[in-house]
Amino acid sequence: MKKGIALLLALALCCAGMAGAAAAETYTASAQGFGGQVSVTLNIDGDKLTDVTVEGTNETEGVGSRAIDTLPAAMVAAGTVEVEAVSGATVTSNAIKEAAAAALAQSGVALTAQEVDLTQNMTPGTYYGEAYGKWKEGTIEGERFGSPAIITPTKVAVTVDETSILSVEVLETSDNAGFIDPVIEQIPAAIVADQSIAVDVITGATMTSQAVLSGVAQALEQAGGNMVAFNIAKEHEPAPDEEFTCDTVVVGAGGSGTTAALRLVTQG
C-alpha cells in the first residue's frame, strides 16, 4: 500500500513538473535591420519574460552587434520589450524591438513589467577592453588616410571602485586623428559623468565612438558590472538653441558636398 501511495506521489510530482515546463512558451519573429533580417525569440512563462535571444549575422560588427548584445538582457531585466535603443545603433535596435513586439503579439500575453535592479557591486581595479573602429582588422584602406599600415584595435582602460566608474582612458587606436580626437575628448568624460555607456556617439565618428564603447563594455563586464544598469541612458536637459549667421552652408561631405565647398572657396 505504501509503495502504491509513493508511486502515485511520484507520478503527481512528475506531472506537475511537466505542466510547469509546458507553461513556458517560445515565440519568434523577424524585422528588417541595417544589414538584413533580425530574428528575436521570446521565452514567456505565464506573464513573465524569462529569456530573449537575438540573431542578426548581417548587422555591423561593433555597431548593430552592440544592440544585439545589450537589448536582450535589458528586456528580461525590465520584463518588457519596450526598452531604449542603443545609441549609434538605432536601426538595429528598432529592428530588435519591432521583432520582439511581433513575437509578443503572437503570444497574446500582457507582460508584467518589473523594476530594474540598478545596484553595482564591482571588484575595484583597472580593466581593459578593445574593439576595431573605423578600420577593421586586415584592411589596407586606412593607410591611405594616414592610419598605420597594420591596423590594431582601439584599446581602453577603465578604472572602477565597488559602485562606480572612476576613469576611462583610450590607450591606443589606429583610427584617423580627425575621427579619434573628438571621441577621446568627449566619450570617456561622458561615460564617467553619466555612469553609463549609453552615451551619444560623436556625429561623423560613429564607428570610432562605438569601438571605445565596446571596449569599455568589455572592461566593465570583467569588473563584474551590472551591464543592464550601465546601458541605461541618463536624461539631460535639452541644449539651448544656438543661432549662427553665415553666407553659405554645405550639408554633407560626400563627393557633391566636397565639390561644392571647394567651388565656393575658389570663388571667395
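As the structure is a computational prediction, the values presented were derived from the model and not from experiment.

## Quick word on the sheet that holds strand E6 (residues 165-172)
With antiparallel pairing, 3 strands are arranged side by side in an open sheet as E4-E5-E6. Of all strands in the sheet, those with a lone pairing partner are strand E4 (125-131) and E6, marking the two edges. Pairwise comparison of adjacent strand axes, ignoring direction, gives a mean angle of 20° for this sheet. Two strands pair when backbone bridges link them, and E4 and strand E5 (residues 154-160) are joined in this way by 7 bridges, in the antiparallel orientation. Across the sheet, Gly 129 pairs through a bridge with Val 156, a residue of E5. Contacts from helix H5 (residues 206-222) reach E4, E5 and E6, with the element oriented near 140° to E4.

## Topic: helix H4 (residues 177-194)
Over its 18 residues, H4 runs 25 Å from end to end, which matches the ideal 26 Å to within 8%, given 1.5 Å per residue. Along its length, H4 reaches its greatest deviation from straightness, about 35°, at Ile 184, and the proline Pro 188 lies no more than four positions downstream. If you check which residues of H4 are buried, you get Ile 180, Val 183, Ile 187, Pro 188, Ile 191 and Asp 194. Among the structural elements, E6 and H5 are those in contact with the buried residues of H4. Just downstream of H4, Gln 195 is the residue with a positive phi angle, here 50°.

## Looking at the sheet that holds strand E3 (residues 48-55)
If you walk across this open sheet you meet the 3 strands as E1-E2-E3, and the pairing is antiparallel. Where the open sheet ends on each side, the last strands, each with one partner, are strand E1 (24-32) and E3. Each neighbouring strand pair of the sheet contributes to a mean axis angle of 20°, computed without reference to strand direction. With 9 bridges connecting them, E1 and strand E2 (residues 37-45) associate as antiparallel partners. Residue Ala 24 lies in a different strand from E2, and its bridge partner there is Asp 45. Of the strands in this sheet, E1, E2 and E3 touch helix H3 (residues 90-107), which is tilted by about 140° from E1.

## Focus: the packing of aromatic side chains
Summed over the entire model, instances satisfying the criterion amount to 1 aromatic pair. Arranged with centres 5.8 Å apart and planes meeting at 15°, the rings of Trp 135 and Phe 145 form a pair that is stacked. Of this pair, Trp 135 sits in the loop between E4 and E5 while Phe 145 sits in the loop between E4 and E5, placing them 10 residues apart in sequence. The class of Phe 145 is partly exposed, set by a relative accessible area of 49%. A cation over an aromatic ring shows up here: Lys 134 above the ring of Trp 135, its NZ or CZ 5.0 Å from the ring centre.

## Digging into the nonpolar core
The biggest cluster of nonpolar side chains holds 28 residues, and the ones touching the most others in it are Val 40, Leu 42, Leu 49, Met 75 and Ile 96. Looking at this core, the elements with two or more residues in it are E1, E2, E3, helix H2 (64-78) and H3. What Val 40 contacts, discounting residues up to four positions off in sequence, is Tyr 27, Thr 28, Ala 29, Val 52, Thr 53, Val 54, Ile 96, Ala 99, Ala 100 and Ala 103. Core analysis: the second largest hydrophobic core is formed by 26 residues, Val 168, Val 170, Ile 197 and Ile 202 among them.

## With respect to the confidence of the model for the protein
The pLDDT averaged across the protein works out to 87; a share of 91% of its residues lies at or above 70. Confidence drops under pLDDT 50 across residues 5-9; counting only partners more than four residues distant or on other chains, this segment forms 0 contacts.

## With respect to the side chain of Ser 147
As for its placement among the helices and strands, Ser 147 is situated in the loop between E4 and E5. Within the local environment of Ser 147, its side chain forms a polar contact with the side chain of Trp 135, the two groups lying 3.2 Å apart. In contact with Ser 147, other than residues within four places in its own chain, are Trp 135, Gly 142, Ser 174, Asp 175 and Asn 176.

## Some remarks on the environment of Ala 105
Along the chain, the position of Ala 105 falls in helix H3. Looking at Ala 105, the relative accessible area reads 60%, which means it is exposed.

## Here's the deal with the side chain of Asn 226
With respect to the element layout, Asn 226 can be found in the loop between H5 and helix H6 (227-230). Given a relative accessible area of 18%, Asn 226 falls into the buried group. Only 2.7 Å separates the side chain of Asn 226 from the backbone oxygen of Asp 117, close enough to count as a polar contact. Of note is the side chain of Asn 226, whose polar atom sits 3.2 Å from the backbone nitrogen of Val 228. In this structure, Asn 226 is in contact with Asp 117, Leu 118, Thr 119 and Gln 120, ignoring residues within four places of it in sequence.

Thresholds applied
- Residues numbered from 1 in each chain as written.
- Predicted model: local features only at pLDDT ≥ 70, side-chain atom pairs only at ≥ 80, totals over all residues.
- Heavy atoms only, no water.
- Pairing = 2+ DSSP bridges.
- Helix = DSSP H or I, 4+ residues; strand = E, 2+ residues; numbered from the N terminus.
- Axes fitted to C-alpha atoms, helices over the stretch in contact; angles between N-to-C directions.
- Contact = heavy atoms within 4.5 Å.
- Expected span 1.5 Å × (residues − 1).
- Bend = angle between axes of the 7 residues up to and from the residue.
- Buried < 20%, exposed > 50% of the residue type's maximum accessible area, 1.4 Å probe, protein only.
- Phe/Tyr/Trp six-rings, centres within 6.5 Å; stacked < 30°, edge-to-face > 60°.
- Lys NZ or Arg CZ within 6 Å of the ring centre and 35° of its normal.
- Core = buried A, V, L, I, M, F, W, Y, C linked by side-chain atoms within 4.5 Å.
- pLDDT = per-residue confidence, 0-100.
- Polar contact = N/O pair within 3.5 Å; in protein donor to acceptor, adjacent residues only side chain to side chain.

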